Each structure stands twice: as C-alpha cells, then as structure tokens.
Amino acid sequence: MARSVQVSASITTADFGNLYRVIRKLERAGVDRMHLDVMDGHFVPNITFGPDVVAAVRRLTRLPIDAHLMISEPARYIDRFIAAGADTLTFHIEVAESDETKHETIATIRGAGRVPGLAISPETPPSALDDYIADLGMVIVMTVEPGFGAQHFMPGPAAKIADVRRMFGDRPDTQVHADGGVAADTAAIVGGYGVDVCIVGSALFQRGRDTALEVQAVKREAAYAPPER
Ligand code: DX5
Ligand code: ZN
C-alpha cells in the first residue's frame, strides 16, 4: 500500500548568510516542513542558533517549523522557542532534568497549542518513552549521534522507528521522524520501518545535486512499503 512520507528540511549545513534564498529554494523543491537544529554547546559539542533565528525562519515561511532542541535545559528556554513560532517542539529524553520537569515542559508546549515531541539518541531504548508517549505528538528517532550534520546513517537505531510507531498505535496526529544521514539511498530503510517524516539535511545542499530531485527521491523511496509476510 502506498504511504505518503513527508520531508522536513534541516538547514544546519545550509548557507546562513542567505537564509531567505535557502528557504525559497527548499520550498520550491517541495519540502513539507522545516527542521531547525538548536544546539547549545553543552548537551551536544556544537553550537548552532537560538530562538531569534527560529523567529527569523518563522517570518520567512509558512511551512510548519519543527524545533529540535539539543539543549541541556529545555524547561528553562521552552517559552522562548514557543514565542519564536515553532509548530512542534522536541527535546531530548536524555537531558538531566527530572521526570516531573519533563512532563511539565510537555504540558507547557501542549498548553500553547503546539505539538510536543521527545527525541531519542542512538543508544536510548524506546522504552525510555513509556511514561511520556501518551502526551506526545511526535518522536524523533536519531539515526546519528546528535551534534553535527552530514554524518553517516546508522541502520541499527533506525529499527526503533517501528517500535515507536507501534507505541503510538493508530492514534491520529502522531508522527515518527527519522533524523540523521537520511537521503535517497537510506530513505527506503526508514520507510520500511514506517517512518512518517524524513529529516533531510546535507543531502539537500550538495553542489551539483538537484534539491527537488533529492526530495522526490526520498519521498518515493521512503513510501515504498515492503510486501507483508
Ligand atoms: C543532527 C541533527 C540533524 C542533522 C540532519 O544532530 O539533529 O537534524 O543535522 O542533517 P543530515 O541529513 O546532514 O544528517
Ligand atoms: Zn535534528
């Protein structure tokens, strides 16, 4: 059965000197969403940008914005990312905050009318989400170690996509996103596990490669469902 899989574009490796042009190009290429990687140099060993850049992207596009917060203290900053206009806000289950605080952050996101998500790094089992899944609208399954764009896809952690999809069951308005190293040549793997959204970064910004063709190829490959056995 043909499924439809979305592409969320990660601009981490794009030219920040011309965000306007980057976003126009991505829109023309047919991406469905924008994935913004926020890194604080503490939770991950890299720094990207904060809420002001999220707000700037908000002014440049009507596409849904997925804020992927790779920061140590999501509870402290969540209001600023909500105010910046992100549609979905995802933080990492691995952060050293209490369960209570994590639940509060999820409730804050929901209360603001946005979609709360949790991300799981390659080593984290899906069972870490057990106490949260009922309150989430999305989960990001990392297929690289968080921190940098343009890393190699890890097939092992991708299998967790199927587990998380099963945990969501047939609940409407739930999405599993695959993040890291997803491109035309790996999309069939995450598609086979039932992914809803492919996050694609560096593959969209290769010199000499057509961005629209890459987006189409990712959607086509990911939508291919292996025959039931
Ligand atoms: C990694 C980020 C990813 C990544 C995606 O920490 O969360 O979103 O930048 O980019 P590619 O597709 O280059 O792996
Ligand atoms: Zn990301």
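Placed above this text is the structure.
Residues numbered from 1 in each chain as written. Chains lettered and ligands numbered in written order. Predicted model: local features only at pLDDT ≥ 70, side-chain atom pairs only at ≥ 80, totals over all residues. Heavy atoms only, no water.

Student: What should I look at first to understand the overall build of the protein chain in this one?
Tutor: When its secondary structure is counted, the protein chain shows eight helices and eight strands. For 229 residues, the compact-globule estimate of 2.2 N^0.38 gives 17 Å, and the protein chain sits close to it at 16 Å. Taking the principal axes of the C-alpha coordinates as reference, the protein chain spans close to 50 × 45 × 30 Å. Put simply, the protein chain has 229 residues, and 52% of those count as buried. Sequence-distant contacts in the protein chain: of pairs separated by 6 or more residues, those separated by 24 or more amount to 67%. In the form shown here, the protein chain has an accessible surface area of approximately 10600 Å², with 50% of it arising from carbon and sulfur atoms. Both charge centroids of the protein chain, one from 23 positive and one from 30 negative side chains, sit 8 Å from each other. (Helix = DSSP H or I, 4+ residues; strand = E, 2+ residues; numbered from the N terminus. Rg over C-alpha atoms; globule rule 2.2 N^0.38 Å. Buried < 20%, exposed > 50% of the residue type's maximum accessible area, 1.4 Å probe, protein only. Contact = heavy atoms within 4.5 Å. Areas by Shrake-Rupley, 256 points an atom, 1.4 Å probe, with all protein chains shown as cover. Lys, Arg positive; Asp, Glu negative; His and termini not counted. Charge placed at Lys NZ, Arg CZ, Asp CG, Glu CD.)

Student: Just to check I follow, could you spell out the packing of helix α3 (residues 74–83) against helix α4 (residues 99–111) for this structure?
Tutor: A pair of packed helices is captured by two measures, namely the crossing angle of their axes and the spacing between those axes. Packing of α3 against α4 leaves a shortest axis separation of 10 Å and a crossing angle of 10 degrees. When the interaxial angle is binned, α3 and α4 end up roughly parallel. Within the contact between the two elements, α3 uses Ala75, Ile78, Asp79 and Ile82 and α4 uses Thr101, Thr105, Thr108 and Ile109. Each residue belonging to the contact of α3 with α4 can be placed in one class, and the counts come to four nonpolar, three polar and one charged. (Axes fitted to C-alpha atoms, helices over the stretch in contact; angles between N-to-C directions. Parallel < 35°, antiparallel > 145°, perpendicular 65-115°, else oblique. Nonpolar A, V, L, I, M, F, W, Y, C, P; charged D, E, K, R; others polar.)

Student: Help me understand helix α2 (residues 51–60), please; the structure alone is not making it clear to me.
Tutor: Owing to its 3.6 residues per turn, the α-helix brings residues three or four apart onto one side. Residues of α2 that are buried include every one of Pro51, Val54, Ala55 and Val57, and no others. Buried residues of α2, viewed axially, fall in a sector of 160 degrees; they line one side. Exposed residues lying more than 90 degrees from the buried face of α2 are Asp52 and Arg59. Where α2 is buried, its residues meet α1 (19–28), β2 (33–39), β3 (65–70) and α3. (Arc of directions from axis to C-beta.)

Student: I keep staring at the coordination of the zinc ion (ligand 2) and nothing clicks. Help me out?
Tutor: Each pair of donors in an ideal octahedron of six around a metal sits at 90 or 180 degrees, and each pair in an ideal tetrahedron of four sits at 109.5 degrees. Protein coordination of the zinc ion (ligand 2) is provided by His35 (NE2), Asp37 (OD), His68 (ND1) and Asp179 (OD), with donor distances spanning 2.0 to 2.3 Å. Around the zinc ion (ligand 2) sit six donor atoms, and with donor-metal-donor angles ranging over 71 to 168 degrees the site reads as octahedral. Written as a sequence motif, the donor arrangement for the zinc ion (ligand 2) is H-x1-D-x30-H-x110-D. Residue His35 is found in strand β2, and its partner His68 is found in strand β3; the two are separated by 33 residues along the sequence. The class of His68 is buried, set by a relative accessible area of 0%. (Donors = N, O, S within 2.8 Å, 3.2 Å for Na, K, Ca; no water. Tetrahedral: all angles 85-135°; square planar, octahedral: opposite > 155°, others 65-115°.)

Student: Could you clarify how one ought to interpret the site of ligand 1 in this entry?
Tutor: Taken together, 20 residues lie around ligand 1, and Asp37, Gly147, Ala150, Asp179 and Ser202 are the ones closest in. Residue Gly147 places a main-chain N or O atom 2.8 Å away from an oxygen atom belonging to ligand 1. One of the backbone nitrogen or oxygen atoms of Gly181 is found 2.8 Å away from an oxygen atom of ligand 1. About the coverage of ligand 1: the protein hides 99% of its 380 Å² of free accessible area. Cavity membership is defined here by more than half of the atoms lying within 2 Å of grid points; on that basis ligand 1 lies in the largest pocket. (Near = heavy atom within 4 Å. Polar contact = N/O pair within 3.5 Å; in protein donor to acceptor, adjacent residues only side chain to side chain. 1 Å grid on protein atoms, 1.4 Å probe; cavity = no way out; pocket = protein on both sides within 12 Å on 5 of 7 lines; lining within 4 Å. Sits in = over half its atoms within 2 Å of the grid points.)

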